[in-house]
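Architecture at a glance
Now for the letters of each chain:
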Amino acid sequence: MTPTVYLAAHGTTRWHNNPVVPAQTVADHCAGVARFVLWLKPYPSPGLILEALHHDDGEGVVGDIPGPAKREFPKLRDWYEYYEHIARVGMRSPTAKSLSDEERKVLRIADWLEAITFANYFGRPGLLERQDWKDQCWAVVNMAEELDDEIGSKVRKWIQEITS
């Protein structure tokens, strides 16, 4: 890790384009993602934890594009992910050599769980009652259930708990 990586994670915020969710540093988000990874897979590979802790380091260089824009414009998302990867390489951000498909899915689920949970507890009350948020919550449940029964059960119970 370099000072640039450290400062980028602590100085870059998420949710800047979302008026109903307060700012959150990338460092705080990544720590939360790592905690969710450990909850989903109690004995993850070191590479999976490394990616959880540093997966958004590139946002310190390229910023963060809101999720709805990434979903609406897949080519924009693909370009952004490539540019974020190049930024991580340039700033010498730690990266796992390779993750299995299962590990990539666990990371994605943990990333979404952290975002949904942060938005629920720190965003405007009733946020998860909006249809777009409900849809995303259940998309994460479906992703988890397709991956593994135990992980699916954990994620379903979590989403039910925070949305009830």
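Residues numbered from 1 in each chain as written. Predicted model: local features only at pLDDT ≥ 70, side-chain atom pairs only at ≥ 80, totals over all residues. Heavy atoms only, no water.

**What about a nonpolar patch on the surface?**
Defined as follows: Patch membership requires more than 30% relative accessible area and the absence of a salt bridge. Residues of like charge join within 9 Å; the nonpolar side chains Val, Leu, Ile, Met, Phe, Trp and Tyr join within 5 Å. We get accessible surface area from the Shrake-Rupley algorithm with a probe of 1.4 Å; when it comes to residues, only the shown protein chains can shield them. Definition used for salt bridges: Asp or Glu carboxyl oxygen within 4 Å of a side-chain nitrogen of Lys or Arg. Put simply, DSSP H or I for four residues or longer makes a helix, DSSP E for two residues or longer makes a strand, and each gets a number counted from the N terminus. Think of it in three bands: residues with accessible area under 20% of the maximum for their type are buried, residues over 50% are exposed, and the middle band is partly exposed, with areas taken using a 1.4 Å probe on protein chains only.
Taken together, the side chains of V61, F73, L76, W79, Y82, Y83 and I86 define a hydrophobic patch exposed on the protein surface, amounting to about 720 Å² of accessible area. Of the residues forming the nonpolar patch, the biggest block, 5 residues, is contributed by helix α6 (residues 74–90). For I86, the location among the structural elements is in helix α6. With relative accessibility at 39%, the residue I86 sits in the partly exposed group.

**Quick look at the packing of aromatic side chains**
What counts is decided by this rule: Within 6.5 Å between ring centres, the rings of Phe, Tyr and Trp (the latter by its six-membered ring) count as paired, and their orientation is classed by plane angle as stacked under 30 degrees, edge-to-face over 60, tilted in between. The rule is short: NZ of Lys or CZ of Arg within 6 Å of the ring centre and within 35 degrees of the ring normal puts a charge over the ring.
All chains considered together, the criterion is met by 5 aromatic pairs. Ring geometry for F36 against W158: centres 5.3 Å apart, planes inclined by 90 degrees, an arrangement best described as edge-to-face. Of this pair, F36 sits in helix α2 (residues 26–40) while W158 sits in helix α9 (residues 149–163); the two residues are 122 residues apart in sequence, bridging distant segments of the chain. Given a relative accessible area of 11%, F36 falls into the buried group. Since its relative accessible area comes to 25%, W158 is described here as partly exposed. When the centroid spacing of 5.3 Å and the interplanar angle of 55 degrees are considered together, the rings of W39 and W158 count as tilted. Of this pair, W39 sits in helix α2 while W158 sits in helix α9; the two residues are 119 residues apart in sequence, bridging distant segments of the chain. An aromatic cluster of three or more residues is present, and its members are F36, W39 and W158. The positively charged end of K154 is found above the aromatic ring belonging to W39, 5.6 Å away from the centroid.

**Focus: the packing of α2 against α9**
For the record, the criterion: Axis definition: a line fit to C-alpha positions, over the contact stretch in the case of helices; interaxial angles, taken between N-to-C directions, run 0 to 180 degrees. Throughout this description, any angle smaller than 35 degrees is read as roughly parallel, any larger than 145 degrees as roughly antiparallel, any in the 65 to 115 degree range as roughly perpendicular, and the remainder as oblique. Throughout, a residue-residue contact means that at least one pair of heavy atoms, one from each residue, lies within 4.5 Å. Note that Gly is not counted as nonpolar here; it falls among the polar residues with everything else outside the nonpolar set of Ala, Val, Leu, Ile, Met, Phe, Trp, Tyr, Cys and Pro and the charged set of Asp, Glu, Lys and Arg.
Packing of α2 against α9 leaves a shortest axis separation of 10 Å and a crossing angle of 125 degrees. Relative to α9, α2 is oriented oblique. Each of F36, W39 and L40 in α2 lies in contact with α9, whose residues at this interface are I151, K154, V155 and W158. A per-class count over the contact of α2 with α9 returns 6 nonpolar, no polar and 1 charged.

**Here's the deal with the nonpolar core**
Most often, soluble globular proteins have nonpolar side chains that are buried together. Defined as follows: Residues enter a nonpolar core if they are buried and are Ala, Val, Leu, Ile, Met, Phe, Trp, Tyr or Cys, with the set joined through side-chain atoms within 4.5 Å.
Within the largest apolar cluster, 34 residues are counted, with the highest numbers of intra-cluster contacts made by L40, I109, L113, I116, V155 and I159. Secondary structure elements with two or more residues in this core: α2, α3 (46–54), α7 (101–122), α8 (131–147) and α9. At 10 residues, the largest contribution of residues to this core is made by α7. Residue contacts for I109: discarding those within four places in its chain leaves L40, V140, M143, A144, L147 and V155.

**Brief notes about the environment of R77**
Looking at the secondary structure, you find R77 in helix α6. Exposure remark for R77: the relative accessible area of 28% places this residue in the partly exposed category. For R77 and G67, which are 10 residues apart along the polypeptide, the C-alpha to C-alpha distance reads 9.0 Å.

**As for the environment of G63**
By the element assignment, G63 lies in the loop between α4 (59–62) and α5 (67–72). Separated by 51 residues in the primary sequence, G63 and T12 place their C-alpha atoms 7.6 Å from one another. Leaving out residues up to four positions away in the same chain, G63 has contacts with G58 and Y80.

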